[in-house]
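# Breakdown of the fold
Each chain, written out:
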Amino acid sequence: WAMHIVKEKNDDTLIGAIGLGNSLLNILTVALFYSMNVGLVSRLSHAYGKGDLVVYGLSLHRAAIINFILIIPLCIILYNSDTILTFTGYDKDLAYQTGILLSGCISGLVFFVIYNTLSGYLNGASIFVAPAVCQALACISYYPIAYFSVSVWDMGIEGLAISFNI
């Protein structure tokens, strides 16, 4: 969606930053937390099926602690991504734009991890509707928010980061 919104800007650096930023965001964070929560749902569903609510609750607390421990170094990496990308040989302007996008996505990432952990908790108890409705609303609202923040209000890559956070 982001590429569709910024194609009218005709800015190769912006398009490259969005592609690189989304790739890094997905590799470093989304894939990690989704895979961690697949294990969480498996453990929770076994505990819930046995009726062992103590293990069910402890698993949620452990998952929250582990996710909190993991998110701290990831936020540091995302915040310093422009420096890291410049050091690894990427174009300075591309690294700067990518750094703006990734730094702006940090607050949304924290809420993504909280949502993903709680969604796994509910899915382990076979409660699927609430997380699905939340995810559908987020998907539906992303495109208009991104469109207005980038095209109408001309916020550029910062607007995409804001729309990711919402």
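Residues numbered from 1 in each chain as written. Predicted model: local features only at pLDDT ≥ 70, side-chain atom pairs only at ≥ 80, totals over all residues. Heavy atoms only, no water.

### Structural notes on the nonpolar core
Counting 15 residues, the largest nonpolar core has Phe-33, Ile-71, Leu-78, Leu-109, Phe-112 and Val-113 as the members making the most contacts within it. Mapped by element, the contributors of at least two residues to this core are α2 (12-50), α3 (53-79), α5 (92-104) and α6 (106-124). Here Ile-71 is in contact with Phe-33, Leu-109, Val-110 and Val-113, once residues within four sequence places are set aside. Formed by six residues, the second largest nonpolar core is a distinct cluster that contains Leu-40, Leu-44, Ala-47 and Tyr-56. (Core = buried A, V, L, I, M, F, W, Y, C linked by side-chain atoms within 4.5 Å. Buried < 20%, exposed > 50% of the residue type's maximum accessible area, 1.4 Å probe, protein only. Helix = DSSP H or I, 4+ residues; strand = E, 2+ residues; numbered from the N terminus. Contact = heavy atoms within 4.5 Å.)

### Observations regarding the confidence of the model for the protein chain
Chain-level statistics for the protein chain give a pLDDT mean of 82 and a share of 89% at 70 or above. For the protein chain, per-element mean pLDDT is lowest for helix α1 (residues 2-6), which scores 63, and highest for helix α4 (residues 81-87), which scores 93. (pLDDT = per-residue confidence, 0-100.)

### Re the packing of α3 against α6
Where α3 meets α6, the axes come as close as 10 Å, and the angle between the chain directions of the two elements is 160 degrees. By the criterion of interaxial angle, the relationship of α3 to α6 is roughly antiparallel. As α3 runs across α6, the sense of the crossing is right-handed. Contacts from Tyr-56, Leu-60, Ala-63, Ala-64, Asn-67, Ile-71, Cys-75, Leu-78 and Tyr-79 in α3 reach Ile-106, Leu-109, Val-110, Val-113, Thr-117, Leu-118, Tyr-121, Leu-122 and Gly-124 in α6. (Axes fitted to C-alpha atoms, helices over the stretch in contact; angles between N-to-C directions. Parallel < 35°, antiparallel > 145°, perpendicular 65-115°, else oblique. Left-handed = near helix turned anticlockwise from the far one by under 90°.)

### Topic: α3
For α3, with 27 residues, the first-to-last C-alpha span of 38 Å sits near the 39 Å given by 1.5 Å per residue. All of the buried residues in α3 are Tyr-56, Gly-57, Ser-59, Leu-60, Ala-63, Asn-67, Ile-71, Leu-74, Cys-75 and Leu-78. Elements that come into contact with the buried residues of α3 comprise α2, α4, α5 and α6. (Expected span 1.5 Å × (residues − 1).)

### Remarks on the environment of Thr-117
Counting through the fold element by element, Thr-117 comes out in helix α6. Considering only alpha carbons, one finds Thr-117 and Ala-63, 54 residues apart in sequence, at a separation of 7.1 Å. When neighbours within four sequence positions are excluded, Thr-117 is seen to be in contact with Asn-37, Leu-40, Leu-60, Ala-63, Ala-64 and Asn-67.

### Considering the packing of α2 against α5
Following both chains from N to C, one finds α2 and α5 inclined at 50 degrees, their axes separated by 8 Å at the closest point. By the angle between their directions, the pair α2 and α5 is classed as oblique. As α2 runs across α5, the sense of the crossing is right-handed. Across the interface between the two elements, Thr-13, Leu-14, Gly-16, Ala-17, Ile-18, Leu-20, Gly-21, Asn-22, Leu-24 and Leu-25 from α2 touch Asp-93, Leu-94, Gln-97, Thr-98, Leu-101 and Leu-102 from α5. Counted by class, the contact of α2 with α5 contains nine nonpolar, six polar and one charged residues. (Nonpolar A, V, L, I, M, F, W, Y, C, P; charged D, E, K, R; others polar.)

### A few points about a nonpolar patch on the surface
Taken together, the side chains of Ile-65, Phe-68, Ile-69, Ile-72 and Ile-76 define a hydrophobic patch exposed on the protein surface, amounting to about 510 Å² of accessible area. Along the chain, the position of Ile-65 falls in helix α3. With a relative accessible area of 52%, Ile-65 lands in the exposed category. (Patch = residues over 30% accessible without salt bridge, like charges linked within 9 Å, V, L, I, M, F, W, Y side chains within 5 Å. Areas by Shrake-Rupley, 256 points an atom, 1.4 Å probe, with all protein chains shown as cover. Salt bridge = Lys/Arg side-chain N within 4 Å of Asp/Glu carboxyl O.)

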